[in-house]
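# Tertiary structure, described
Chain by chain, the residues run as shown.
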Amino acid sequence: MEQVFWALATIVIGVFGCVLYFYLTNLLLDLALPGRGPNAGRNINRASAIRPWLFMGPAIVLLSVYLVYPVINSVWLSLRDATGDNFVGLDNYVWLVGDRKFLESMRNNMMWLVVVPAASTGFGLLAAALTDRIRWGNFAKSLIFMPMAISFVGASVIWKFIYDYRGEGLTEIGLLNAIVVAISGVAQGWITIEPLNSFLLMVVLIWIQTGFAMVILSAALRGIPEETVEAAVIDGASPLQIFFRIKVPQIWGTIAVVWTTITILVLKVFDIVLAMTNGQWGTQVLANLMFDWMFRGADSGRASTVALVIMVLVTPIMIWNIRNAKREMQ
Amino acid sequence: MDNIAGTRPKLVWTVNIAVFLLVLLWIVPTTGLLVSSFRDRDQITVSGWWTSMFSSEANVIARSAPPDAQVEEDGVYVLSGNVFGSEPGQVIAFGTSSRAPEAYSPGDLGEMSKGRTLVVEANGDYRLESPEPHSGSRGARIFVRTLEAPRFTLENYENVILAERLGQSFLNTFSVTIPATVIPILVAAFAAYALAWMEFPGRALLIAAVVGLLVVPLQLAFIPLLKLHNALGIGKDYLGIWLAHTGFGLPLAIYLLRNYIAGLPREIIESARVDGATDFEIFRRIVLPLSFPALASFAIFQFLWVWNDLLVATVFLGNNEQQLVMTGRLRELLGSRGGDWEILAASAFVSIAVPLMVFFGLQRFLVRGLLSGSVKGG
């Protein structure tokens, strides 16, 4: 209970502190550079040059310490040994390209990168297109969207139960094995079968992310000008033609956004692999490999190097996002 | 669009069925675990959850009362009782040896060695007769095939909350989540206002930086920040994780709020400026109240993300009783109680109950936030 009290106290202190900071700094600025008197014009100009930085101060400090500094520091750490005490040049990078587990992680990450965004966006588009046409569509949507609220670990428990294997002679209680047995197949420990197991883990993320894709694509589909669809109907296009030739081309931009958002998530996928296989049986991925080297390996040099690989992989998307944001603002 | 594309009845049916199947596919996994979390632990291991509504058959080995309890009736020595003890149950077959455990129907006379006879009734009452006095210290084995009615229980939940100490973890998660959700909001709101409505050199650059920081992998941040926190003396403690979540949540907060605040009508803000209001007053009196939907959207995102987070908590908090969050506990259970599905199922549902409530209760804001973050913002 004690820490709940501290949590609540922190909220009060934190919120109060923030308010106080903003209030006091503004007050000080107004007192130091009053907008009246002989130098009013100059003071107002100066004050309005300073004020934005007061408003953004705490955010800039937090962003710099918690996101910018680590990026720079990681580059530095990746050039040093396990404890960070000695400079080792590019040794960590040389180790990396020759490491079997790293190559396995890269291969798996690439597979995740292709399968998960494609499947989530595909299912999301299907769900969006179908649910928009029926009366109980909103209800259906919120059920498909629901896994979004479930933690990756929770989802891992849910799916591990489906893949459960009891062993020979016992009644299978995992849904997958029960179905396999029902169609006269042989029950298996699916989670240990390479390379199928990686795909079984991907299913979990697809299950979670489809709702996200559906919500956004559904909004985009509704935003399509009605005239374009009407024109196609008059020209005698079939529903499928309307969907693929008229609607989808008009929402390419949104599809790209959904795809890249899921791609970033996939590059950082960690909890699912940790909870279901912990990288055994050929399912290792970069984020979990980094975690391994950080805690079990206790090697900050190698862990930082792996983390930087993830950073390099997201950089193209980062640049693309910044470009888009810039275009939006003009 | 229904009126032009969805009029053919066959098509309507196909769509309805397709959506039904899709929804089924999406909710079956969760349903399976939810149902299991209420089942009796012995039943979970012998039958699939999809059969949980029906009675299940099982082979059970019971023991008669010990010879001490025998009574003599008309020259035969009798041991009697019920194979289920005091609980109700149904016997569909019984046997006297392990080779033929289902040899007799209820009510039949079963033969045993040394001239003994055994009768088991459908309700579980048995009567073991012997011409000689029963000897030995333990009762005879009785093999019964039972039909078990489905048993649902809240015991699993009671177990995980108390015995598996999930209750404590629930409090820990709560302690992490609340400040980590509230604190970034105010910091981000001020920054978002400045980025949306104040003119200063470098504004475009800062916005670009925020968009860029949105995708920085957290993996990169852990080692440097852990070293920093340790140097500051707040490593592995709540203050550290609150600050970390605040920092990690800020880019999204600023981005979402800026998009929203920049979209507020220019006239309102300009006219307030003309009336002599300072930026601080405009922010407090006009922007903050009008931005409520965006603030709510972000709060929900951040809440769900922090509540469900495993990675940041593993890195910045310890493994002890006072600090292990629910996702961490769940992951531990997956390792240590891997096959005990009643424990795992109940634990999983305790941990996802709150996010699900938030999700279904506040879905409107969540959807709005998603849309302003992706469709408009690009």
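Residues numbered from 1 in each chain as written. Chains lettered and ligands numbered in written order. Predicted model: local features only at pLDDT ≥ 70, side-chain atom pairs only at ≥ 80, totals over all residues. Heavy atoms only, no water.

Time to look at the overall build of chain A. If you tally the helices and strands in chain A, you get 14 helices and zero strands. In chain A, the order of α-helices and β-strands from amino to carboxyl end is α-α-α-α-α-α-α-α-α-α-α-α-α-α. Here chain A has a C-alpha radius of gyration of 27 Å; the compact-globule value for 330 residues is 20 Å, and the former is much larger. Principal-axis analysis of the C-alpha atoms places the extent of chain A at approximately 95 × 70 × 45 Å. Counting all 330 residues of chain A, 53% fall into the buried class. In chain A, of all internal contacts separated by at least 6 residues, the share reaching a separation of at least 24 is 67%. Per element, the accessible surface of chain A, about 15,200 Å² overall, is 67% carbon and sulfur. In chain A, 22 side chains carry a positive charge and 20 a negative one; their mean positions are 9 Å apart. (Helix = DSSP H or I, 4+ residues; strand = E, 2+ residues; numbered from the N terminus. Rg over C-alpha atoms; globule rule 2.2 N^0.38 Å. Buried < 20%, exposed > 50% of the residue type's maximum accessible area, 1.4 Å probe, protein only. Contact = heavy atoms within 4.5 Å. Areas by Shrake-Rupley, 256 points an atom, 1.4 Å probe, with all protein chains shown as cover. Lys, Arg positive; Asp, Glu negative; His and termini not counted. Charge placed at Lys NZ, Arg CZ, Asp CG, Glu CD.)

Now for the overall build of chain B. A tally of helices and strands in chain B yields 15 helices and eight strands. In terms of C-alpha radius of gyration, chain B reaches 33 Å, well past the compact-globule figure of 21 Å for 378 residues. Projected onto the principal axes, the alpha-carbon positions of chain B cover approximately 110 × 70 × 35 Å. Here chain B holds 378 residues, and the buried ones make up 52% of them. For chain B, the computed accessible surface area is about 16,700 Å², with 59% contributed by carbon and sulfur atoms. The positive charge centre, built from 28 side chains, and the negative charge centre, built from 32, are 13 Å apart in chain B.

Here the focus is a nonpolar patch on the surface. A cluster of nonpolar side chains, namely V12, F16, V19, L20, Y23, L24, L27 and L31 of chain A, defines an oily patch on the protein surface of about 770 Å² accessible area. With respect to the helices and strands, the residue F16 of chain A is situated in helix α1 (residues 2-32). (Patch = residues over 30% accessible without salt bridge, like charges linked within 9 Å, V, L, I, M, F, W, Y side chains within 5 Å. Salt bridge = Lys/Arg side-chain N within 4 Å of Asp/Glu carboxyl O.)

Moving on, we get to the nonpolar core. Counting 197 residues, the largest nonpolar core has W112 of chain A together with F248 and F316 of chain B as the members making the most contacts within it. For W112 of chain A, the residues in contact, after removing those within four places along its chain, are P117, S198, L201, M202, L205, V266, V269, V273 and V285 of chain A. A65, V91, L128 and A140 of chain B belong to the second largest nonpolar core, which has 14 residues in total. (Core = buried A, V, L, I, M, F, W, Y, C linked by side-chain atoms within 4.5 Å.)

This paragraph deals with the pairing of strand β7 (residues 125-130) of chain B. Residues and elements named next belong to chain B. Burial along β7 is one-sided: Y126, L128 and S130 are buried, and none of D125, R127 and E129, which face the opposite way, are. Relative to β7, strand β3 (residues 76-82) runs antiparallel, the two being bridged by six bridges. Looking at β7, one finds that N82 is bridged to D125. Sheet topology note: the strand β6 (residues 117-120)/β7 ladder contains four bridges and is antiparallel. Across the sheet, residue L118 finds its bridge partner in β7, namely L128. Here β6 folds back onto β7 in antiparallel fashion, the turn holding four residues, of which G124 has a positive phi close to 100°. (Pairing = 2+ DSSP bridges.)

One pass over the structure, following the stated rule, counts 31 aromatic pairs over all chains. With a centroid separation of 6.1 Å and an interplanar angle of 90°, the aromatic rings of F292 of chain B and F365 of chain B are classed as edge-to-face. Residue F292 of chain B is found in helix α11 (residues 292-308), and its partner F365 of chain B is found in helix α15 (residues 363-376); the two are separated by 73 residues along the sequence. Sitting over the face of the ring of W293 of chain A, R302 of chain A holds its NZ or CZ atom 5.0 Å from the ring centroid. (Phe/Tyr/Trp six-rings, centres within 6.5 Å; stacked < 30°, edge-to-face > 60°. Lys NZ or Arg CZ within 6 Å of the ring centre and 35° of its normal.)

We now examine the domain arrangement of chain A. All names here are of chain A. Domain annotation of chain A identifies domain 1 (2-78) and domain 2 (93-329). With four residues of domain 1 at the contact, the number on the domain 2 side is six residues. For the domain 1 and domain 2 pair, buried surface summed over both sides reaches about 450 Å², with 67% attributable to carbon and sulfur atoms. The three residues of domain 1 that bury the most area against domain 2 are S74, L77 and S78, which together make up 77% of that side's buried surface. Applying the counting criterion to the domain 1 and domain 2 interface returns zero salt bridges. Linking domain 1 with domain 2 are one residue pair in polar contact (both at pLDDT 80 or more), by the criterion used here. Classifying every residue of the side of domain 1 that touches domain 2 gives two nonpolar, two polar and no charged. (Domains from an automatic or database assignment. Buried area = accessible area lost by both parts, 1.4 Å probe. Polar contact = N/O pair within 3.5 Å; in protein donor to acceptor, adjacent residues only side chain to side chain. Nonpolar A, V, L, I, M, F, W, Y, C, P; charged D, E, K, R; others polar.)

Here the structure, examined in full by the defined rule, presents three cavities of 30 Å³ or more. By volume, the largest cavity is sized at about 1,500 Å³. Taken together, 47 residues make up the lining of the largest cavity; nearest its centre are T261, L265 and K268 of chain A together with L252 and W305 of chain B. Those elements that provide at least two residues to the lining of the largest cavity are α8 (196-222), α11 (252-267) and α14 (300-329) of chain A together with α6 (203-213), α8 (238-262), α11 and α15 of chain B. (1 Å grid on protein atoms, 1.4 Å probe; cavity = no way out; pocket = protein on both sides within 12 Å on 5 of 7 lines; lining within 4 Å. Points joined across faces, edges and corners; volume = space filled by probe spheres on them.)

Attention shifts here to the domain arrangement of chain B. When its domains are assigned, chain B resolves into domain 1 (2-52), domain 2 (56-148) and domain 3 (158-376). Its C-alpha centre places domain 1 of chain B at a distance of 44 Å from the equivalent point of domain 2 of chain B.

Further remarks concern the interface of chain A and chain B. Each partner contributes residues to the interface: chain A has 113 residues there, and chain B has 114 residues. Roughly 10,100 Å² of surface becomes buried between chain A and chain B when both sides are summed, with 80% attributable to carbon and sulfur atoms. Across the chain A-chain B interface, the total number found is zero salt bridges. Inspection of the region where chain A meets chain B yields six residue pairs in polar contact (both at pLDDT 80 or more).

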